[in-house]
Amino acid sequence: MRACSQVQVMDDDFSSRRESPPPPHVVGVSLCDSAPLLWRVEDLRSVRAQGLVGALLGSLPRTPRQNGRLGRPLLLLPEEERLLRERQTAAALPARRQDGGGAELVVQVEQQQEEEQQRSYEEQSILALEDRKSALLRAMTSSHSGGPGSGTGTEASDEALRGRLEDLDRSFTFPQSALAVQLSTARAGLSYCPEARAFLQADWPIREQHDRSWDARYQVFRDLRGRGFYLTSAGKFGGDFLVYPGDPLRFHAHFIAICSSLDESVCVLDVLSAARLGSNVKKTVLLCSPGTDGRILYTSLQWSGMV
Amino acid sequence: MNMSEESDTADVMENPPPSNWILHHPTYQLMKNLEVEDSEQLHTAFLVYMDLSEVRHWKEVSCVKSPELQLVLLEAREKEGAPVQTVLPLPVHRPLSHKSIRHVLDRGFPMLLCAVAADSTLVYQRMTDGLVTPDPPVGPFQDLGRRQHRKRRQQR
């Protein structure tokens, strides 16, 4: 909110000279048990623009039986969620209430559907009438062109045509059974979520583990993100994060980041296996630890090349 | 000639090198004088010394004590005139912390970690400060073209 007001001030003073940046988009985070999920497309877009990748979890309605391309929701890493919170660009969407909220929502949706159908019916009946009239005209004029071309004949047929058109106007009804019903496949539920900008320090449920390893991971995440790297989870490679020099859609990862505190000991065997894996997949293993002065210390582990 | 050879072999048969030859080795004695109380690490350091000097023929291999880590470190040059590198010899089942690695890196020389197994197999890992981009995959790269992709898809 503070950021918004600052932007306002700038707008008044420098409106002619400077383009004030729009206030940062606040994404709505849904909590499923403790997993932070994003459902709305504008939220996903905003989050990607901030350099946070997340992981898509849902199946695509048109290609459900595959894992290659997944759809919404987007699952955020705990570090990504915390970063959004610190930047104040995430808000918790209110959890759906058990009975009241659900019933209201259903009624609302039904009402909207009925209104839409009514509108559609009216439009379609107008179009159907026009269709009938043009068909009639065609039929009359074609029969007329085939028939005798005398002047009196045309006048008479014109009269008849006008008469029949007026009859049509009066008596035409569009039967309900002929109505073409349109079913929208977009999830109606999502657009009904109210905007809830509840700032969150008080509201956010206390799910985080306040242990040092989590803190170390977050410090490393924030530092690397600040340097412009994109990070995703590295479960497949036995590390904490995969570090990409740019968007993962365009680059391969360069590093496997393993976060620990400076004093934490690991067995030399584990260091060896991590280094070996890294060299097999052409990535450098990065040992990351928050240092004493707030900086992060990085040590790159590589195959020595000594056979 | 034959006689001398026979006598040489006879000598060897009668005076095999003592089974604890390592303990009598001058470099081992040197390392021992550094008074690092970890005898296992001492032994490991000696094995790495032998590997570097006798097998890989590195130059000016010397041992030095690290007071913070209470370990024996080795310094050596790969070739004449090459820069000095620090080698940290450790038995394979030892715990190692990032802090210890930073201590060795702070000495300012390129660092190698040498892990030694119980059967004396050694492996060297390079450790560098900062983010070192890995080597890119080796070319030349060929665009497979649609035919190959279609073939692969059908095979799957």
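Per an unreviewed UniProt entry, chain B goes by TSEN15 tRNA splicing endonuclease subunit and derives from Sparus aurata. Turning to chain B, the UniProt record has this under Sequence similarities (unreviewed entry): "Belongs to the SEN15 family."

K.L.:
Account for the overall build of chain B, with residues named and values stated.
P.N.:
When helices and strands are counted, chain B shows six helices and six strands. Ordered by position from N to C terminus, the α and β elements of chain B give α-α-α-α-β-β-β-β-α-β-β-α. Buried positions account for 37% of the 156 residues belonging to chain B. Considering only residue pairs separated by 6 or more positions, chain B has 47% of its internal contacts joining residues 24 or more positions apart.

K.L.:
How would you summarise the sheet that holds strand E2 (residues 35-38) of chain A if you had to cite specific residues and measurements?
P.N.:
Residue and element names in this part refer to chain A. Strand order in the open sheet made by the five strands is E3-E4-E2-E1-E5, with mixed pairing throughout. In the strand order of this sheet, the two ends are held by strand E3 (55-58) and strand E5 (90-92), each with one partner. Looking at each pair of strands side by side, their axes are set apart by 45° on average, direction ignored.

K.L.:
Tell me about the packing of helix H3 (residues 26-33) of chain B against helix H4 (residues 39-55) of chain B, and name the residues and values.
P.N.:
Residue and element names in this part refer to chain B. Where H3 meets H4, the closest approach of the two axes is 10 Å, and the angle between their N-to-C directions is 140°. Of the possible angle classes, the one that applies to H3 and H4 is oblique. As for the relative orientation of H3 and H4, their crossing is right-handed in sense. Here Thr 27, Tyr 28, Met 31 and Lys 32 of H3 come into contact with H4, specifically with Leu 42, Ala 45, Phe 46 and Tyr 49. Taken together, the residues of the contact of H3 with H4 sort by class into six nonpolar, one polar and one charged.

Procedures and definitions
- Residues numbered from 1 in each chain as written.
- Chains lettered and ligands numbered in written order.
- Predicted model: local features only at pLDDT ≥ 70, side-chain atom pairs only at ≥ 80, totals over all residues.
- Heavy atoms only, no water.
- UniProt positions renumbered as here; feature names shortened; annotations may be inferred.
- Helix = DSSP H or I, 4+ residues; strand = E, 2+ residues; numbered from the N terminus.
- Buried < 20%, exposed > 50% of the residue type's maximum accessible area, 1.4 Å probe, protein only.
- Contact = heavy atoms within 4.5 Å.
- Pairing = 2+ DSSP bridges.
- Axes fitted to C-alpha atoms, helices over the stretch in contact; angles between N-to-C directions.
- Parallel < 35°, antiparallel > 145°, perpendicular 65-115°, else oblique.
- Left-handed = near helix turned anticlockwise from the far one by under 90°.
- Nonpolar A, V, L, I, M, F, W, Y, C, P; charged D, E, K, R; others polar.

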